[in-house]
Amino acid sequence: GSTSSSTVSIAASTAATSGAGTYSLSSTLTNTAPATKIYKADYRTEQTFSYLKLPLIAQYHYQGKKLGIAVGVGIENNFLMASLTKIYVINNNSTQVYQSNDKGTLNSYFCSAAASVSLCYYFYPELFCSIGPSLSYALGTVNNSDIKNNFYSAGLQFGLFRRF
C-alpha cells in the first residue's frame, strides 16, 4: 500500500505604512508508495494593493499667541485603486513566478477611524502650519477570505492651513 502525508502552513503579516499585505503559503506533499519519487513544492504568494484615502476629520484648536495644539478625530474612506498578486512556485531549486492584477477577494471600499494631535504655529490668526502624529485603524476587513486583515497606519502629518 501507499501512504501520503500533506502539511500546509499559512502565515499572514501586514505592513502598516505601505498599505501592502503579504501572505505566505507553504505546502509539502510526500508520497512513499514503491517506485514513486518524493515530491516537494513550496509556494509563496505576495499581494500588494493600493487604496486612495479620503479623510473627513473634525479638529479642535487650542490657540495661544503663536503656538497651539489641534486634536482631530474622524473617518477615512478607502477606495481600492490597484492590486498585484505574485505567486512563487519553488520546486527542485527552480522558481516560477506567476502574476495577476485581479483584485480577487479584496474589498473595493472600507472605512477607517482616524485620530491625530498636532502642534500648530500661527503666522496670523487665520494662517498656520501644523505637524504631529496620526493613527488610523480599519473598521472593516480588507478582504473577504479566511485570512482577515484590519489595516492600521501610523504616520506624521504636516500642513499649511488657511481659515476662512
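The coordinates are above.
A few points on the structure. (Residues numbered from 1 in each chain as written. Predicted model: local features only at pLDDT ≥ 70, side-chain atom pairs only at ≥ 80, totals over all residues. Heavy atoms only, no water.)

Points about the overall build of the protein chain
Consideration 1: Helices and strands together make up the secondary structure of the protein chain, namely 0 helices and 8 strands.
Consideration 2: Counted from the first residue to the last, the protein chain has its helices and strands arranged as β-β-β-β-β-β-β-β.
Consideration 3: When the 164 residues of the protein chain are sorted by exposure, 25% land in the buried category.
Consideration 4: In the protein chain, 57% of the contacts between residues at least 6 apart in sequence involve partners at least 24 apart. (Helix = DSSP H or I, 4+ residues; strand = E, 2+ residues; numbered from the N terminus. Buried < 20%, exposed > 50% of the residue type's maximum accessible area, 1.4 Å probe, protein only. Contact = heavy atoms within 4.5 Å.)

Comments concerning the side chain of Ser118
Consideration 1: Mapped onto the fold, Ser118 is located in strand β6 (residues 109-124).
Consideration 2: With residues near it in sequence (within four places) discarded, Ser118 still touches Gly68, Ile69, Ala70, Ser130, Ile131, Gly132 and Gln157.

Comments concerning the packing of aromatic side chains
Consideration 1: Across all of its chains, the model carries 9 aromatic pairs by this definition.
Consideration 2: Arranged with centres 5.2 Å apart and planes meeting at 80°, the rings of Tyr121 and Phe123 form a pair that is edge-to-face.
Consideration 3: Exposure remark for Phe123: the relative accessible area of 36% places this residue in the partly exposed category.
Consideration 4: Taking 5.2 Å as the distance between ring centres and 20° as the angle between the ring planes, the aromatic pair formed by Phe128 and Phe161 counts as stacked. On the criterion of sequence distance, the pair formed by Phe128 in strand β7 (residues 127-138) and Phe161 in strand β8 (residues 152-162) is long-range, its members being 33 residues apart.
Consideration 5: Using a relative accessible area of 4% as the deciding quantity, one classes Phe128 as buried.
Consideration 6: In this structure an aromatic cluster arises from ring pairing among Phe49, Tyr51, Phe110 and Phe151. (Phe/Tyr/Trp six-rings, centres within 6.5 Å; stacked < 30°, edge-to-face > 60°.)

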